[in-house]
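Spelled out from the first residue to the last, the chains are:
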Amino acid sequence: MAEAEDEIPTTMVWNRRFSVINDSFTKGKPVKTVDLDFFTNGAFTGTRAGAVVVVVSSKGLIVEEEATYLGQNSSCYQADILAIKSAAELIQLRCLEFPLITLYSGCQAALQAVENFFVKSQLVLDTVAALHQAGWNNVTHLRLVKGHCGIIGNEQADVLAKEGASDPLREAAQIPKLPPSIIKALHREGLESRWNEYWQSRLDCRQTKQWFPSICKKTSFELLWKGRKAYNEAVQ
């Protein structure tokens, strides 16, 4: 489990030896393979996240695939970013002889994040650095690809991302730090648990039920709002 928050002070990152092809945002289809294609994907099954990289040769054959498990406290967006980072690291290690590489992602928000010159996520910052390093020996393009487009690499990435999310034995070497949304959810869960425990143990303060009902995620704010509204009407 990650132990720190992923959010960092806004950082400007200007140097990057890669390009995001914005035209792909409207088309969402792979272009004709020239040298090597990397299909990346992230998945969230409702309780766990997974990321995958599938490498396809110019002949349309899958030459490598890597699926990782990211645990319960990573978001689908983080999984997509981490998949791009993993692809960039693979490019650095094994693709020095390929002059043109296309890296595909099904997440437009992830592509826009790595394209942005102002970064406020440690994971995005690390991913931009990995892509920049990969670009020293290759021309690296990032493109959007829509899911279930019939391309073998993309279809395999969709399947493996879900498998990675359900297999703890594939745990990633570095789990992403906690995103703000997860931190807020964990804080709220802790407060709800503590309040319910306190409410059940204090039988002498039943009159506070109107203002502090037993917490229910779906109705807590609605009940509190109704209580505040009733109070305001009573004092007017």
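Residues numbered from 1 in each chain as written. Predicted model: local features only at pLDDT ≥ 70, side-chain atom pairs only at ≥ 80, totals over all residues. Heavy atoms only, no water.

Visitor: Looking at this structure, how should I read the pairing of strand β8 (residues 139-144)?
Guide: Moving residue by residue along a regular strand, the side chains alternate between the two faces of the sheet. Two elements, strand β2 (residues 19-20) and β8, share 2 bridges in a ladder whose sense is parallel. Residue Ser19 lies in a different strand from β8, and its bridge partner there is His141. (Pairing = 2+ DSSP bridges. Helix = DSSP H or I, 4+ residues; strand = E, 2+ residues; numbered from the N terminus.)

Visitor: What should I look at first to understand the sheet that holds strand β6 (residues 100-105) in this one?
Guide: In a beta sheet, neighbouring strands pair by backbone hydrogen bonds and run either parallel or antiparallel. Across the sheet, 6 strands lie side by side as β2-β8-β6-β3-β4-β5; this open sheet has mixed pairing. At either end of the open sheet lies a strand with only one pairing partner, and these are β2 and β5 (62-71). Where helix α2 (residues 76-94) meets the sheet, it contacts β3 (36-44), β4 (49-57), β5, β6 and β8, and its direction lies at approximately 150 degrees from that of β3. Sitting on the sheet, helix α5 (residues 152-165) is in contact with β3, β4 and β5, with an inclination near 150 degrees to β4. (Contact = heavy atoms within 4.5 Å. Axes fitted to C-alpha atoms, helices over the stretch in contact; angles between N-to-C directions.)

Visitor: Looking at this model, I keep getting lost on the side chain of Asp6. Mind explaining?
Guide: As for its position among the elements, Asp6 is in the segment before β1 (7-12). One buried charge, Asp6, has no salt-bridge partner; the nearest side chain with opposite charge is Lys177, at 6.7 Å. A distance of 3.0 Å separates the side chain of Asp6 from the backbone nitrogen of Leu123, its partner in a polar contact. Non-local contacts of Asp6, meaning those with residues more than four positions away in its chain, are made with Gln78, Lys120, Ser121, Gln122, Leu123, Lys177, Leu178 and Pro179. (Buried < 20%, exposed > 50% of the residue type's maximum accessible area, 1.4 Å probe, protein only. Lys, Arg positive; Asp, Glu negative; His and termini not counted. Salt bridge = Lys/Arg side-chain N within 4 Å of Asp/Glu carboxyl O. Polar contact = N/O pair within 3.5 Å; in protein donor to acceptor, adjacent residues only side chain to side chain.)

These figures come from the coordinates and say nothing about function on their own.
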